[in-house]
Amino acid sequence: MSRVTELKESTPPRPQHERHQPEKSILYRTIDQYYSEFRDYMAEQGRSLPFHVQKEFDEYLKCGRLEHGFLRVQCSSCHHERLVAFSCKRRGFCPSCGARRMAESAALLVDEVLPHQPMRQWVLSFPFQLRFLFASRPELMCKVLSIVYRVISSHLIKKAGLTQKTAKTGAVTLIQRFGSALNLNVHFHMLFLDGIYVENKHGKTTFQRTNAPTQEELARLVHTISHRVALYLERQGVLERDEENSYLQLDGMDEDPMQQLIGCSVSYRIAVGPQQGRKVFTLQTLPAIEEDGRYAQVAKESGFSLHAGVAAQAWERDKLERLCRYISRPAVSEKRLSLTSAGNIRYKLKTPYSDGTTHVIFEPLDFISKLASLVPKPRVNLTRFHGVFAPNSKHRVTVTPAKRGKSKQRGDLKEDKTPEERRAAMTWAQRLKRVFKIDVETCAHCGGAVKVIACIEDQQVIDKILSHLKKKDGLPLPPDALPEARAPPQTNLFG
């Protein structure tokens, strides 16, 4: 056997793309079967679902379904064709579109925003009452995020022995709205520069790294954050405090039909049905363990929790991209969904709780209510840029890999890309190739180039094509493959 043959035999097969079929998943089947019943139940209770929540469910039921439109892609060499279904592009609970957005966000941050400097993740969690408040009033959440950024950036600058005028830092915040038990848990994942930029007399910036925060520093920071957030909410009139307790003022918020669903999701309680108000059923399959925080970089106070134990060095770009994917991951993992013998939904926790809980179990209607509470309100940006990464920062053009931002000398946008290229997101093919090493732009049969040849949106044409694909020699065909081309009918030239 020749060496060339040995190399061919030892080369692992190239990963092939298979069309996502959401109609076969537990998540899709549950929503398809129970969503209309849940919507009618809410209407009977006098709390009709908001339009953006209804649209989230309606669009999800069309996502990835060939019956609602598709692209025809064809190999330029062997002419093999495939159908590619449209996606919903929603940002609530769709796993497919969430994974697309995760890959796109991580690639954008690593390639164009985050410089080749050490980065540290700061995670801030809030008390249950503030999670409810931020989900109901996102404008307050944005102001609180600004407070949190100022506290941490001031700490880094002061730790370097400099002042706000001579040193700058930066961060990117991804606001997560979900917990591992499908509960509503608004918290901040902040990718901070693990240091500061110092500007010299000539306008050039140099990076100066700071040491990792100690346990005592984290304790002081979480105390400062909790104190300043409470003062701000008091000034806004939504928080009242006495000597022993704090109370939220929710005047005017009871009219929102989502308040009851949000409250139950935040507090791990059942939102609909005869068991309404009771704790969600949990399954404990592991023994309870005692938490030992002596070596963990985390501090807690008054329901606030600040963690800063994960960092990536300047040369660890792969680790940084994995971290970006983690903090921008979708809310629902279909791999952790299963059905019980009674027809309820069982969801496996990503990490077991300290009391040994590994699963949560929902009745179908309550499961739908948990998904509804995860849908963000319209026009709420869940990714924020601070400091030197902010769009209006004069340092952005010098510190970001893509050199985006305003140049102080030129006073214009320093961009090599055209406006169309800047607005264009990463394509579906690029996402698959980057994350899963799958090249859908190359034909799996002959290695030729694959291109889009048609966009099918007319319902009559869709139905005609799909009905034709269901039959070939009396056997059903895969829904994502077209039959092989046939020769034209032969005519009798001598008849």
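Below: a short report on this structure. Note that this is a predicted model, so its numbers are computed, not measured. (Residues numbered from 1 in each chain as written. Predicted model: local features only at pLDDT ≥ 70, side-chain atom pairs only at ≥ 80, totals over all residues. Heavy atoms only, no water.)

Observations concerning the sheet that holds strand β18 (residues 450-456)
Across a sheet, strands are paired by hydrogen bonds formed along the backbone, either parallel or antiparallel in direction. Read from one edge of the open sheet, three strands run β2-β1-β18, paired in antiparallel fashion. Strands with a single pairing partner mark the edges of an open sheet, and in this sheet they are β2 (81-85) and β18. On average, adjacent strands in this sheet sit at an angle of 30° to one another, irrespective of strand direction. Of the strand pairs in this sheet, strand β1 (residues 70-75) and β2 are connected by five bridges, and their pairing is antiparallel. Within the sheet, the bridge partner assigned to Leu-71 lies in β2 and is Val-84. (Pairing = 2+ DSSP bridges. Helix = DSSP H or I, 4+ residues; strand = E, 2+ residues; numbered from the N terminus. Axes fitted to C-alpha atoms, helices over the stretch in contact; angles between N-to-C directions.)

Some remarks on helix α5 (residues 128-136)
The buried fraction of α5 amounts to seven of the nine residues, a majority that puts the element mostly inside the structure. Among all positions of α5, only Leu-130, Arg-131, Phe-132, Leu-133, Phe-134, Ala-135 and Ser-136 are buried. (Buried < 20%, exposed > 50% of the residue type's maximum accessible area, 1.4 Å probe, protein only.)

Structural notes on the pairing of strand β5 (residues 170-178)
Burial within β5 is extensive, with nine of its nine residues counted as buried. When β5 meets strand β17 (residues 383-387), the two strands line up antiparallel, connected through five bridges. Within β17, the position partnered with Gly-170 by the bridge is Gly-387. Across seven bridges, the pairing between β5 and strand β6 (residues 184-193) is antiparallel.

Remarks on the sheet that holds strand β15 (residues 345-348)
Strand order in the open sheet made by the four strands is β11-β16-β15-β14, with antiparallel pairing throughout. Two strands lie at the open edges of the sheet, namely β11 (281-284) and β14 (337-339), each paired on one side alone. Neighbour to neighbour, the strand axes of the sheet diverge by 30° on average, direction disregarded. Looking at chain direction, β15 and strand β16 (residues 357-362) are connected through four bridges and run antiparallel. Its bridge partner lying in β16, Ile-345 is registered against Phe-362. On the sheet, helix α2 (residues 26-44) packs against β14 and β15 and is oriented at approximately 60° with respect to β14. With respect to the sheet, helix α10 (residues 364-373) is in contact with β14, β15 and β16, its orientation differing from that of β16 by roughly 105°. (Contact = heavy atoms within 4.5 Å.)

Quick notes on the nonpolar core
Within the largest apolar cluster, 90 residues are counted, with the highest numbers of intra-cluster contacts made by Ile-31 and Phe-188. The greatest single-element share of this core, amounting to eleven residues, is contributed by helix α6 (residues 138-159). In this structure, Val-110, Val-172, Leu-193 and Val-399 belong to the second largest nonpolar core, which totals 19 residues. (Core = buried A, V, L, I, M, F, W, Y, C linked by side-chain atoms within 4.5 Å.)

Topic: unusual backbone geometry
Phi at His-79 takes a positive value of approximately 65°, unusual for a residue other than glycine. Structurally, His-79 can be placed in the loop between β1 and β2. Backbone geometry places Ser-302, a non-glycine residue, at a positive phi of 55°. Counting through the fold element by element, Ser-302 comes out in the loop between β12 (298-301) and β13 (304-312). Judged by relative accessible area, Ser-302 falls into the exposed class, the value being 59%.

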